[in-house]
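Tertiary structure, described
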Amino acid sequence: MKRSTLFAAQLIFTCLVCAFMLVPVVLSLLAGLTRNYFQGLSSGLTFDWLLQVWQAYAPTVWLSLQLALACALCVCVIGVPAAYALVRMNNRFSRAFEELMVLPVAMPGLASALALLLTYGHLGGFRGSWLFILVGHVLFTLPFLVRPVMAVMQRQHLPTLEDAAASLGAGPLRRFFSVVVPNCRAGILAGVLMVVTLSLGEFNLTWMLHTPMTKTLPVGLADSYASARLEVASAYTLLFLLMIVPLLIALQAISAHLSRGDQR
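To keep things clear, this report deals only with the structure shown in the data block. Please read all numbers here as calculations on a predicted model, not as lab measurements.

1. Some thoughts on the side chain of R127
Relative to the helices and strands, R127 is located in helix α6 (residues 124–127). R127 has contacts with L117, G121, F132, M208, L209, H210 and T211, leaving out every residue within four places of it along the chain.

2. Some details on helix α2 (residues 48–89)
Between its terminal C-alpha atoms α2 stretches 57 Å, which fits the 62 Å expected from 42 residues at 1.5 Å a residue. The sharpest bend along α2 comes to roughly 70°, located at Y57, with the proline P59 sitting one to four residues further on. Once α2 finishes, N90 follows within two positions and takes phi at roughly 45°, a positive value.

3. Quick look at a nonpolar patch on the surface
A surface patch of nonpolar side chains, about 1,100 Å² in accessible area, is lined by F13, V17, F20, M21, L22, V23, V26, L27, L30, L41 and L45. Note that V26 resides in helix α1 (residues 2–31). Residue V26 is classed as partly exposed on the basis of its relative accessible area of 45%.

Conventions and cut-offs
- Residues numbered from 1 in each chain as written.
- Predicted model: local features only at pLDDT ≥ 70, side-chain atom pairs only at ≥ 80, totals over all residues.
- Heavy atoms only, no water.
- Helix = DSSP H or I, 4+ residues; strand = E, 2+ residues; numbered from the N terminus.
- Contact = heavy atoms within 4.5 Å.
- Expected span 1.5 Å × (residues − 1).
- Bend = angle between axes of the 7 residues up to and from the residue.
- Patch = residues over 30% accessible without salt bridge, like charges linked within 9 Å, V, L, I, M, F, W, Y side chains within 5 Å.
- Areas by Shrake-Rupley, 256 points an atom, 1.4 Å probe, with all protein chains shown as cover.
- Salt bridge = Lys/Arg side-chain N within 4 Å of Asp/Glu carboxyl O.
- Buried < 20%, exposed > 50% of the residue type's maximum accessible area, 1.4 Å probe, protein only.

The following block contains the structure:
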């Protein structure tokens, strides 16, 4: 009897917490689908606001996807070898470098953006390009790939596997691509998907680095909140969630699948 009462109390508390977090999101999504938010659902449902958002802000969607994919590629090319080097070194210098690499995450995004502006802001062509934002995204998201890849590498006992491959005549590059990378695919894919989602949703750093020609999805979302009708801003939120939620689901599914494969 006591256990049933405790379970019911826990269930009610969990439902209340979920409702506290989800109800505002649901109301925001409904606002983007109603003809008039202040009249509520009685005004009818419509996709006109979504169409209006797409017509006005479609370039921000494509630029955000371009940035996210380019960021994932750059972070993967830089982060996997970096994680491998840090695991192999495993000394005071590598630990200090690992902590230094996390510094852009610990700092406010505006501070990181200001540092980039002071360093590279005088390069006019680079400053006005989306590549400038890409540099900021790479610096911000790099630890989110290096850390999980390092954790996987440390569990896989790579030195033993590499010694076995070396005894069969495999060179350093071949060992890296045929032994290290396949054994770390779970951490690499989880990190890449995390980088993509973080890049798509990053606002603070991007807001300070962007120009009118390099406006991303979160920056456009903020602009729509400030200058457009509530329905337009809510429709923009719906569009953003339609992009980000499938990626989060894919992240969980792939990580779970690869984890089961590694356990076998």
